[in-house]
Amino acid sequence: MKITFERSGFDKIKADAYLFLCYEDKKLFDDQIKHIQKILKTKITELNLEDFKGKTGQAALIYTNKCRIILSGLGKKENVTLEKIRVGVSRILKKAISLKIKKVAVEILNDESLKEGISEVARAEAIGCILGNYHFTKYYTTKDKKDQSSIRQAVFFADKQLMEKHARELEKGVRSGSIIGNATNYARDLGNEPSNVLYPESYCNILVEKSKEGNYTTEVLDLEDIKKLGMGAVLEVAKGSEHEPRFMIMRYNGGEEGEKPYVVIGKGVTFDSGGISLKPPAGMAMMKLDMCGSAAVAGIFEAVSKLGLKLNLVGLIPMVENMPDGNSLKPGDVITAYNGKTIEIDNTDAEGRLILADALSYAAEFNPKSVIDMATLTGAVIVALGNVTSAVMGNNQELIDKLSVAGNETYDRVWQLPLFEEYDKLIDSDIADVKNGGTGRQAGTITAGMFLQRFIGDYPWAHIDIAGTAMRDSKQDFLPKYATGAGVRLVTQYLINEETLTS
Ligand code: BES
Ligand code: MN
Ligand code: ZN
């Protein structure tokens, strides 16, 4: 979707529909309706508004003699949040999509008094618009299906008075919102790509191509490099697949030369069959989404580089396909990770933590300011937290708190689970330094975190389990079915906040 911001005022805009947000509070509601009638030079009758009161979730479609208007309710002003604004915009947009409208004009909520500030409001609206407009249509072959889903252009505008005072902030908000929204949709596209198209080698090509349009770089470690470096876990997990593993390193240098980088790591299992510990057939197709952690890394690079954040960022992506084969890794095997620690394989389906072990120990080479890994790591996190929030764990409370703040700001949220010492013995092995899994029904998400902790270096670290949030089996507002892009908005916001802290 093309998003633009109209500086020269409302009169220049011609659209198929005009979208407005409304508060439920009587006076504000009436003022808004008056305002809409004035700028559109049209009349909205009482009957038009019979059922629409501006309550949260309500939407109304109005035909006047001049144009189509779509209203979306935000509820009472005192309860309004940026998330209600994002959802509100996405709901009116869905309405517009269902009408096969191609060009919409969206008025930025005319309210300077919200504590988040007008720029954040504009950003939230742009994000709600872009995320709500997403549909993975690549593999439809009929024009009908391809076209069904999306709006081509959204023009944002603001009330005259608001424009006079805040034009730059508004424009900045819309711009950053479209960058972040598009970066999230990019991660969704990668996630939704099937595993016969996206496997380690081709995944690298896709990311390399994309990086050519941006100001960040990619470096691909191939099978030989991985062997030479001693990334035994990546090697061993990949053994059963026809596809070789890859390890991608991404770099963005927006900060001073030599300034410590932030490191983000993403699980890149392009298909997780479980390996020899084969998964049951039901739902296995979803396991093409087991690279959503790495897709989030790719999305974060898109966002951070386009926003031009003044910081250095390194992305690490171990890529493998986890398959059963005569040559596969087997339960009982012992393997050696990059840092020299030995791992007894209890279950070949606990492959994510294995490849992350290599990536986490490799991350120490970059002398990082902080390391954040994202992974669709455990089914247990879905039992614990559903698809509402990701789980976060780590060794540094300050980092976790910062992620919680960024999560609450974006609603790409995290909830902390403990890494208490007592859990550690559950992953002890009789014959190696540590074992992967095998803790029965106990604390599956935490023991995965404990496992990762054994491989970190001397740096602040947080692990985010996005198994519940990155892939969905149903849609909700601006969250689609399948890949959601979870982690992109969260970590981008964390990095935005870090930049403001240090500048
Ligand atoms: N990719 C899965 C986790 C997963 C499961 C993500 C369901 C999304 C939906 C991961 O590799 C896995 O298989 N984990 C196992 C670990 C167990 C064998 C210790 C799990 O959660 O069952
Ligand atoms: Mn698995
Ligand atoms: Zn997996």
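Analysis parameters
Residues numbered from 1 in each chain as written. Chains lettered and ligands numbered in written order. Predicted model: local features only at pLDDT ≥ 70, side-chain atom pairs only at ≥ 80, totals over all residues. Heavy atoms only, no water. Pairing = 2+ DSSP bridges. Helix = DSSP H or I, 4+ residues; strand = E, 2+ residues; numbered from the N terminus. Axes fitted to C-alpha atoms, helices over the stretch in contact; angles between N-to-C directions. Polar contact = N/O pair within 3.5 Å; in protein donor to acceptor, adjacent residues only side chain to side chain. Contact = heavy atoms within 4.5 Å. Near = heavy atom within 4 Å. Areas by Shrake-Rupley, 256 points an atom, 1.4 Å probe, with all protein chains shown as cover. Donors = N, O, S within 2.8 Å, 3.2 Å for Na, K, Ca; no water. Tetrahedral: all angles 85-135°; square planar, octahedral: opposite > 155°, others 65-115°. Parallel < 35°, antiparallel > 145°, perpendicular 65-115°, else oblique. Left-handed = near helix turned anticlockwise from the far one by under 90°. Core = buried A, V, L, I, M, F, W, Y, C linked by side-chain atoms within 4.5 Å. Buried < 20%, exposed > 50% of the residue type's maximum accessible area, 1.4 Å probe, protein only. Domains from an automatic or database assignment. Salt bridge = Lys/Arg side-chain N within 4 Å of Asp/Glu carboxyl O. Buried area = accessible area lost by both parts, 1.4 Å probe.

Peer 1: Would you mind showing me how to read the sheet that holds strand S13 (residues 342-345) here?
Peer 2: Strand-to-strand pairing in sheets goes through backbone hydrogen bonds, with the strands running parallel or antiparallel. As summarised here, the arrangement of the three strands in space is S12-S13-S17, forming an open sheet in which the pairing is mixed. Unpaired on one side and paired on the other, strand S12 (334-336) and strand S17 (434-436) mark the two borders of the sheet. Between one strand axis and the next, the sheet turns through 35° on average, direction left out of account. For S12 and S13, the ladder comprises three bridges, and the chain directions are antiparallel. Considered in S13, the bridge of Ile-335 is made with Ile-343.

Peer 1: In this structure, what is going on with the side chain of Ser-361? I would like to understand it.
Peer 2: Relative to the helices and strands, Ser-361 resides in helix H10 (residues 352-363). At 3.3 Å, the side chain of Ser-361 and the backbone oxygen of Asp-358 are in polar contact. Beyond its immediate sequence surroundings of up to four residues, Ser-361 is in contact with Tyr-338, Asn-339 and Phe-455.

Peer 1: Hey, could you run me through the site of ligand 1 in this one?
Peer 2: Inspection of the region around ligand 1 gives 16 residues, with Asp-272, Lys-279, Asp-349, Glu-351 and Gly-379 positioned closest. The separation between an oxygen atom of ligand 1 and a polar side-chain atom of Lys-267 is 3.2 Å. One of the backbone N or O atoms of Leu-377 is found 3.4 Å from a nitrogen atom in ligand 1. With the chains in place, 77% of the 520 Å² that ligand 1 exposes on its own is no longer accessible.

Peer 1: When you look at the environment of Lys-210 in this model, what are you seeing that I'm missing?
Peer 2: With respect to the element layout, Lys-210 can be found in helix H6 (residues 200-212). Sequence separation between Lys-210 and Ala-298 is 88 residues, and the spatial gap between their C-alpha atoms is 9.3 Å. Discounting chain neighbours no more than four positions away, the residues touching Lys-210 are Tyr-186, Tyr-216 and Glu-302.

Peer 1: Which parts of the structure should I look at to understand the coordination of the manganese ion (ligand 2)?
Peer 2: As a benchmark, a tetrahedral metal site with four donors has ideal angles of 109.5 degrees, while an octahedral site with six donors has ideal angles of 90 or 180 degrees. Coordination sphere of the manganese ion (ligand 2), protein contribution only: Asp-272 (OD), Asp-349 (O), Asp-349 (OD) and Glu-351 (OE), at 2.0 to 2.2 Å. Geometry at the manganese ion (ligand 2) is irregular, judged from its six donor atoms and the angles of 71 to 168° they form at the metal. In this model, the manganese ion (ligand 2) sits 3.1 Å from the zinc ion (ligand 3), the two metals being bridged by Asp-272.

Peer 1: What is the right way to read the packing of helix H9 (residues 292-307) against helix H14 (residues 488-502) from this model?
Peer 2: Between two packed helices, the angle of one axis relative to the other and the distance separating the axes together describe the packing. One way to put it is that H9 packs onto H14 with a least axis distance of 9 Å and a crossing angle of 40°. Here H9 is positioned oblique relative to H14, judged by the angle of their axes. With respect to the hand of their crossing, H9 and H14 are arranged in right-handed fashion. Residues Ala-296, Gly-299, Ile-300, Ala-303, Val-304 and Leu-307 of H9 pack against Val-488, Val-491, Thr-492, Leu-495 and Ile-496 of H14.

Peer 1: What should I look at first to understand the nonpolar core in this one?
Peer 2: It is characteristic of soluble globular proteins that their nonpolar side chains tend to be buried jointly. Leu-313, Leu-403, Ile-464 and Leu-495 are the most contacted members of the largest nonpolar core, which totals 56 residues. For this core, the element with the most residues is H9, which contributes nine residues. Both domains that meet at this core, namely domain 1 (2-189) and domain 2 (213-502), each give it at least three residues. If we skip the residues at most four places from it in the chain, Leu-313 touches Met-250, Arg-251, Tyr-252, Pro-261, Tyr-262, Val-264, Ile-300, Phe-301, Val-304 and Leu-495.

Peer 1: Just to check I follow, could you spell out the pattern of salt bridges for this structure?
Peer 2: Where charged atoms from two side chains of opposite charge come close, those side chains can pair. Under the defined criterion, the tally for this structure stands at 28 salt bridges. Across the pair Lys-279 and Asp-349 runs a salt bridge whose closest N-O atoms are separated by 2.8 Å. Taken together, the positions of Lys-279 in the loop between strand S10 (268-272) and H9 and Asp-349 in the loop between S13 and H10 put the pair 70 residues apart, joining distant regions of the chain. Linking Arg-454 and Asp-428 is a salt bridge whose minimum nitrogen-to-oxygen distance equals 2.8 Å. With Arg-454 in the loop between helix H13 (444-453) and strand S18 (461-465) and Asp-428 in the loop between strand S16 (414-416) and S17, this pair connects stretches of sequence that are 26 residues apart. Overall, the relative accessible area of 39% leaves Asp-428 in the partly exposed class. Among the charged side chains, a network of salt bridges with common partners joins Glu-24, Lys-55 and Lys-76.

Peer 1: What is the right way to read the coordination of the zinc ion (ligand 3) from this model?
Peer 2: Here the zinc ion (ligand 3) is held by the protein donor atoms Lys-267 (NZ), Asp-272 (OD), Asp-290 (OD) and Glu-351 (OE), which lie 2.0 to 2.3 Å from it. Coordination at the zinc ion (ligand 3) comes from six donor atoms whose angles at the metal span 78 to 176°, giving a geometry best classed as octahedral.

Peer 1: Would you mind showing me how to read the domain arrangement of the protein here?
Peer 2: It is common to give the size of an interface as the accessible area lost on bringing the parts into contact. Partitioning the protein into domains gives domain 1 (2-189) and domain 2 (213-502). Summarising the inter-unit geometry, the C-alpha centres of domain 1 and domain 2 are found 35 Å apart. Each partner contributes residues to the interface: domain 1 has 22 residues there, and domain 2 has 23 residues. Of the roughly 1,800 Å² buried where domain 1 meets domain 2, counting both sides, 66% is carbon and sulfur surface. If you look at where domain 1 meets domain 2, you find one salt bridge.

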